Amino acid sequence: MHTQPTASHFINGAYVEDTSGTPIKVIYPATGAVIATVHAATPDVIEQAITSARAAQVAWAAMTGTERGRILRRAADIMRERNHDLSILETYDTGKPYQETSVADATSGADALEYFGGIAASLTGEHIQLGEDWVYTRREPLGLCVGIGAWNYPTQIACWKGAPALACGNAIIFKPSETTPLCALKVAEILHEAGLPAGLYNVVQGMGEVGASLVSDPRVDKVSLTGSVPTGRKVYAAAASGIKAVTMELGGKSPIIVFEDADIENAVSGAILGNFYSSGQVCSNGTRVFVHADIKEAFLKRLAERLDGAVIGDPMDPETSFGPMVSKRQLDIALGYIEKGKAEGARLVYGGKAIDGDGFYMQPTVFADVTDDMIIAREEIFGPVMSVLDFTDEDDVMARANDTEFGLAAGVFTRDLARAHRVAANFQAGTCYINTYNDAPVEAPFGGMKNSGVGRENSKAAIEHYSQIKSVYVRMGDMEAPF
Ligand code: NAD
């Protein structure tokens, strides 16, 4: 596959290049080879994106929701038709195995385009009768939205932000992560092929500075970031000074509680999916696995047996189920945490090492006997490192599960129905799972509590974050005034 894009940016319906911007090398994580080079957006490129987006947004907002939705749904169909090629590109960009990308990336992006395309025609205000007078509300777009992406799901993030923004009548400028700049360009191409007018979905490349200059521009009305908590703090603060709307999809250190009555096979599946999918580089991962002391050894034994079945290797091979880390940097971060875990006295029960070769591979890793105060149990690692912690009492484990700055996701495995719902109600997390983990269908709200975020993506809830309400008062009779 040809991985070098036509040009670095996609602005006003066309590819745009400006080679005076800082070069960004795109590295295939499975081999370490440079597969493309793009250039960071210069101030001139950013200016082009902002002016064309603002100009295009006016006519887009004036179209009917049905017309806007039809274009998004057409784009969804094209994405599905090209799923194979888009999945290969996603694998080149991220290193995630084709086994995953072929079912989780362009497909999830297409779901978002289809869902918000479907909802666009039904977006309305309401009528509020006040005696013979009345108020009606208009649901209006925000204007120009900026989306800033993380590197773990480049196609999905580009669509999860673009689809609701466009459905509501906004224009969007999307800045992918500098680690994975390729996939969003394909999303832009497909949207335009589906009939999206020029200027409404723009992609500009660059590091944090490009994101920062977009966020601080007074012509930008809304910022949606997917990234880490430290970046979230900076972006939220910059948006605050312009009183801009924000959506913050940030990091996590989510708990999974496995009670003694759980179906162990399912709980092990949940823990595997919630720790090792995408080589552990998933924001909602349940990396603190609290296992009841009575079943801990049985759980660990079965977990190790199942991990032996991981097929680690060439991510393009459909049999491969565990690929490399996205970058050398992320590999080193994860390996660094493994050393911290060992130094703190956690018991390494599986994996723990880098895998020799050119790519950024490491073993899926499990620590047992982890305690709440250990760094590996407190900080987001964003790699395939599971911490298993013991518990015996529900109230105690609940308090420990919630004792974190994060609140993105949480899971519980039990056969006790009342306990499952009680625990879900008590979790301080935006997305909770009962006897499952890490599902993220477009129909359900997704987002974090506490430091894990602000706002929700997906579902009808996202509409509230990409539109605003105007109240219009109408008097039927004469005005009264005091003098
Ligand atoms: P990151 O915070 O390093 O970068 C995220 C994006 O922000 C990148 O595009 C980066 O260029 C940009 N950026 C950096 N500094 C900026 C600034 N000052 N102003 C504007 N933009 C700036 O995150 P990452 O390493 O790319 O991704 C991993 C993180 O993302 C993890 O913490 C993970 O949990 C989180 N994440 C969250 C979700 C979610 O939905 N909650 C999903 C995926 C990833």
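Scroll up a little and you will see the structure.
Presented here is a report on the structure given in the accompanying data block. (Residues numbered from 1 in each chain as written. Predicted model: local features only at pLDDT ≥ 70, side-chain atom pairs only at ≥ 80, totals over all residues. Heavy atoms only, no water.)

### Remarks on the sheet that holds strand E6 (residues 133-141)
Within a sheet, neighbouring strands are paired by backbone hydrogen bonds and run either parallel or antiparallel to one another. Put simply, the test is: In this analysis, strands are considered paired if DSSP registers two or more bridges between them. Numbering of helices and strands runs from the N terminus, with a helix taken as a DSSP run of H or I at least four residues long and a strand as a DSSP run of E at least two residues long. What counts as an axis is a line fitted to C-alpha atoms, over the stretch in contact for a helix, and the angles between N-to-C directions run from 0 to 180 degrees.
Taken in spatial order, the 3 strands of this open sheet run E5-E6-E20, and their pairing is antiparallel. Only two strands of the sheet have a single neighbouring strand rather than two, namely strand E5 (127-130) and strand E20 (467-474). The sheet shows a mean angle of 20° between the axes of neighbouring strands, taken without regard to direction. Across 4 bridges, the pairing between E5 and E6 is antiparallel. Bridge pairing in E6 places Leu130 opposite Asp133.

### Some words on the sheet that holds strand E12 (residues 255-258)
Heads up, the condition is: Two residues qualify as a contact provided that any one of their heavy atoms is within 4.5 Å of a heavy atom in the partner residue.
Strand order in the open sheet made by the 7 strands is E14-E15-E16-E13-E12-E17-E18, with mixed pairing throughout. Here the strands that pair on one side only, and so sit at the sheet edges, are strand E14 (347-350) and strand E18 (431-434). The average undirected angle you get between the axes of adjacent strands in this sheet is 20°. Of the strand pairs in this sheet, strand E15 (residues 365-368) and strand E16 (residues 385-391) are connected by 3 bridges, and their pairing is parallel. What sits directly across from Phe367, in E16, is Ser387. Packed onto the sheet, helix H12 (residues 328-343) meets E14, E15 and E16 and runs at close to 20° relative to E15. Of the strands in this sheet, E12, strand E13 (288-292) and E16 are in contact with helix H14 (residues 394-402), which crosses E13 at around 175°.

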